[in-house]
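These are the residues of each chain, in order.
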Amino acid sequence: MQTDAADEYRALLQCLRRALQLNGEPLAFPSAGFAWPCLIALADRHDVIPLLNAALRDSDSVPAQVRQRLESRCRTVIAHNLCLASELAELLEFFERSGIHAMPFKGPAWTKVLYGNLAYRQIRDLDILLDQSEIERACALLSERGYVVAKTQCKDIELENPGTGLHLELHWSACEPWHDKRVSGLKLWNAASTISLLNRRMPLPSAENIFFLLAIHGARHRWESLKWLCDIAAALGALPDLDWDVVLSQAGKMGRRRLVLLPLALVNQLFDLQLPSSVAKAIEQDAAVARLAAYIQQRHYAGPSTAVRRLIYCESMRIRMRESFFERLCLLAAFLFRQIKPNANDRLRPYRLFRIYGPATILKFARELMG
Amino acid sequence: MNNPKARREGLFSECLAEETVIYDKANHTAHTLNQTVATVWEWADGDKSVNELARLLHSQLGIPADPGVVLLALEQLQAAGLLETYQEVEKETERTSRREVARRLALAGVSAAMVPLVASVVAPTPAMAVSMVIPE
């Protein structure tokens, strides 16, 4: 029996539910013809190899070669995460000595908070939040440690250490102003608690702000990776003091309830995770949330799309995540305007769209954009 | 012989199922310790003798209180640079061998997975930690 992409996606979800301890039922895979390499590739694409390995640990149906490769990979992931964690601890101490208030964002510290163990998340680089006024000084100090600036963006600076190969991002905003001006202006990283990592206390934002920052980050990437949704599911279990009324009320004041409801609807649909009644009720009240969640799921196992379709998808997701019709209209207008700007060679221009796809397709895209 | 003392400085550890992964920042290397070696590494504080460590292994993991098992674990820790006192261990381990320890544990009905083992993990790089290729 051959499996298709949807089968592998369902199998992966089953594994993730088990790894996140949301389901204790034994894993069931088709005995013959199950495409293990495809499952692994899908897990790899979603950066959830450590969780897949945790789920398959006790399963007898996993071929020895697959198990061996998974375990070997997970050892490398842990070693890399420990390497990042030790560097993070040193950097925070370094900043503290220099009077710079810095806070870890995602990475090893949040992995420890959400999963309780550095083994369960693939961490690519280090992210640190600090005030924009301290960025220049922080970069100067980091150059003493061998870091060089690789890229400056409108919300962060990327640095790399050629000696160790480590990447570091210094953030002063949760997202780019063009992505969401209201959210980009928020300062969500006032220290509310601490966590001990490698014998060092590290500051953390409040549970509500951790969730909100995770929601913003996932939304920026259109929830394309299951890793970010696993973080949300893990946060629901790991942050028992999280006050949902505060989260919904803060998001509502900014007109961003959909931003926080979408990942919750997704983890409910994907992992059968029970949501607090206030959250479940809020999701019911906004029918677009369930539609968007279903749409995102389809993309999780879809094959690669053309550059044009990807551009349309990215913009449509950004627009559809807004609750206000007026905001959606403004974003659509801004998107179209960007396409006709001179020298925007890398952009897709409407006239080219018409030539290639014709008016019917354009109308379909517009409908998709507006949700 | 001095009591064995594990190195702690510059080492960071995390558990993966029944293994412990130790990252050595100074050398940018990582080692995977099975449960037996991890327990010895954890308890080797310079105060406990080899016999005491053997009794600890017995109480914690159900392994026979065999000093040979501890000595083999210490030998492997020494080779990985995870011990502070190692000269003395080297002399003691001449008396034992991995095969002999494995045979004794097997006779006692202990799983082969409990035979002391330290595996070195290739020094990880960011690229290695985020990409995986599994052949068809």
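Residues numbered from 1 in each chain as written. Chains lettered and ligands numbered in written order. Predicted model: local features only at pLDDT ≥ 70, side-chain atom pairs only at ≥ 80, totals over all residues.

**Student:** Tell me about the overall build of chain B, residues and numbers included.
**Tutor:** Along its length, chain B carries 6 helices and 4 strands. Reading chain B from its N end, one meets helices and strands in the order β-β-β-α-α-α-α-α-β-α. Here the contacts in chain B between residues at least 6 apart in sequence split such that 58% fall between residues at least 24 apart. (Helix = DSSP H or I, 4+ residues; strand = E, 2+ residues; numbered from the N terminus. Contact = placed C-beta atoms within 7 Å.)

**Student:** Which residues make up the overall build of chain A, and what values do they have?
**Tutor:** Helix and strand content of chain A: 16 helices and 7 strands. Long-range contacts, defined here as pairs at least 24 residues apart, represent 64% of the contacts in chain A between residues at least 6 apart.

**Student:** Requested: an account of the packing of helix α10 (residues 244-253) of chain A against helix α12 (residues 277-285) of chain A, with residues and values cited.
**Tutor:** All names here are of chain A. Running from N to C, α10 and α12 point in directions that differ by 30 degrees, and their axes come no closer than 9 Å. One finds that α10 runs roughly parallel with respect to α12. Where α10 crosses over α12, the handedness of that crossing is left-handed. Residue-level contacts link Trp 244, Asp 245 and Leu 248 of α10 to Ser 278, Val 279 and Ala 282 of α12. Of the residues that constitute the contact of α10 with α12, the class distribution is 4 nonpolar, 1 polar and 1 charged. (Axes fitted to C-alpha atoms, helices over the stretch in contact; angles between N-to-C directions. Parallel < 35°, antiparallel > 145°, perpendicular 65-115°, else oblique. Left-handed = near helix turned anticlockwise from the far one by under 90°. Nonpolar A, V, L, I, M, F, W, Y, C, P; charged D, E, K, R; others polar.)

**Student:** For the domain arrangement of chain A, give the residues involved together with the corresponding values.
**Tutor:** Residue and element names in this part refer to chain A. The domain architecture assigned to chain A consists of domain 1 (1-62), domain 2 (88-205) and domain 3 (307-370). The centre of domain 1, based on its C-alpha atoms, is set 33 Å off from the matching centre of domain 2. On the domain 2 side, the residues contacting the 5 residues of domain 1 number 4 residues. When its residues are assigned to classes, the side of domain 1 that touches domain 2 shows 4 nonpolar, no polar and 1 charged. (Domains from an automatic or database assignment.)

**Student:** Help me get a handle on the environment of Glu93(A), residues and values and all.
**Tutor:** Residue and element names in this part refer to chain A. Residue position: Glu 93 is located in helix α4 (residues 64-97). Exposure remark for Glu 93: the 12 C-beta atoms within 10 Å place this residue in the exposed category. Placed 108 residues apart in sequence, Glu 93 and Arg 201 show a C-alpha to C-alpha distance of 9.8 Å. (Buried ≥ 20, exposed ≤ 12 C-beta atoms within 10 Å, placed from the backbone.)

**Student:** Got a sec to walk through the interface of chain B and chain A? Specific residues and values, please.
**Tutor:** Counting from both sides, the interface comprises 20 residues of chain B and, opposite them, 29 residues of chain A. Of all the secondary-structure elements, those providing two or more residues to the side of chain B that touches chain A are β1 (11-16), β2 (19-24), β3 (29-33) and α6 (126-130) of chain B. Of the residues contributing to the side of chain B that touches chain A, the split by class is 15 nonpolar, 2 polar and 3 charged.

**Student:** Now, about the sheet that holds β2(B): what can you tell me, with residues and values included?
**Tutor:** Residues and elements named next belong to chain B. The sheet built from 4 strands is open, its strands ordered β1-β2-β3-β4 with antiparallel pairing. At either end of the open sheet lies a strand with only one pairing partner, and these are β1 and β4 (118-121). On average, each strand axis in the sheet is inclined to that of its neighbour by 25 degrees, with strand direction left out of account. As judged from the 5 bridges shared by β2 and β3, these two strands associate in the antiparallel manner. The residue of β3 that forms the bridge with Ile 22 is His 31. (Pairing = 2+ DSSP bridges.)

**Student:** Got a sec to walk through the nonpolar core? Specific residues and values, please.
**Tutor:** If you look at the biggest cluster of nonpolar residues, it comprises 140 residues, and the most contacted ones within it are Leu12(A), Leu16(A), Leu52(A), Leu229(A), Val70(B) and Leu77(B). Among the elements that take part in this core, α4(A) stands out by supplying 14 residues, more than any other. Taken domain by domain, the makeup of this core includes at least three residues from each of domain 1 (1-62) and domain 2 (88-205) of chain A. (Core = buried A, V, L, I, M, F, W, Y, C linked by C-beta atoms within 7 Å.)

**Student:** Provide a residue-level description of the pairing of β2(B), including the pertinent values.
**Tutor:** Residues and elements named next belong to chain B. For β2, the tally of buried residues reaches 6 of 6 residues, placing the bulk of the element in the interior. Residue alternation in β2 divides its side chains into two sets, Glu 19, Val 21 and Tyr 23 and Thr 20, Ile 22 and Asp 24, and both sets are buried. Linking two consecutive strands that pair antiparallel, namely β2 and β3, is a turn of 4 residues; a positive phi of about 55 degrees is found at His 28 within it.

**Student:** Could you give an account of the sheet that holds strand β4 (residues 156-161) of chain A, naming the residues involved and the relevant values?
**Tutor:** Residues and elements named next belong to chain A. Taken together, 5 strands build an open sheet; the order of strands is β1-β2-β5-β4-β3 and the sheet is mixed. In this open sheet, the two edge strands, each paired with only one partner strand, are β1 (102-104) and β3 (148-152). Between one strand and the next, the sheet's axes are offset by a mean angle of 30 degrees, whatever the strand orientation. Packing against the sheet, helix α6 (residues 135-144) makes contact with β2 (126-130), β3, β4 and β5 (166-171), and its axis sits at approximately 5 degrees to β4.

**Student:** Run through the pairing of β1(B), naming residues and quoting values.
**Tutor:** Residues and elements named next belong to chain B. Across 6 bridges, the pairing between β1 and β2 is antiparallel. What sits directly across from Phe 12, in β2, is Tyr 23. Hairpin connection between β1 and β2: a loop of 2 residues separates the two successive antiparallel strands, and Ala 17 in this loop has a positive phi of roughly 50 degrees.

**Student:** Report on helix α2 (residues 50-61) of chain B, specifying residues and quantitative values.
**Tutor:** Residues and elements named next belong to chain B. The end-to-end C-alpha distance of α2, which contains 12 residues, comes to 16 Å, matching closely the 16 Å that a straight helix rising 1.5 Å per residue would cover. Those residues of α2 that sit buried are Val 50, Leu 53, Ala 54 and Leu 57. Down the axis of α2, the smallest arc covering the buried residues is 105 degrees, so these residues share one side. In α2, the exposed positions that point more than 90 degrees away from the buried face belong to Asn 51 and Ser 59. Against the buried residues of α2 lie α1 (35-43) and α3 (67-79). Phi turns positive, to about 75 degrees, at Gly 62, one or two residues after α2. (Expected span 1.5 Å × (residues − 1). Arc of directions from axis to C-beta.)

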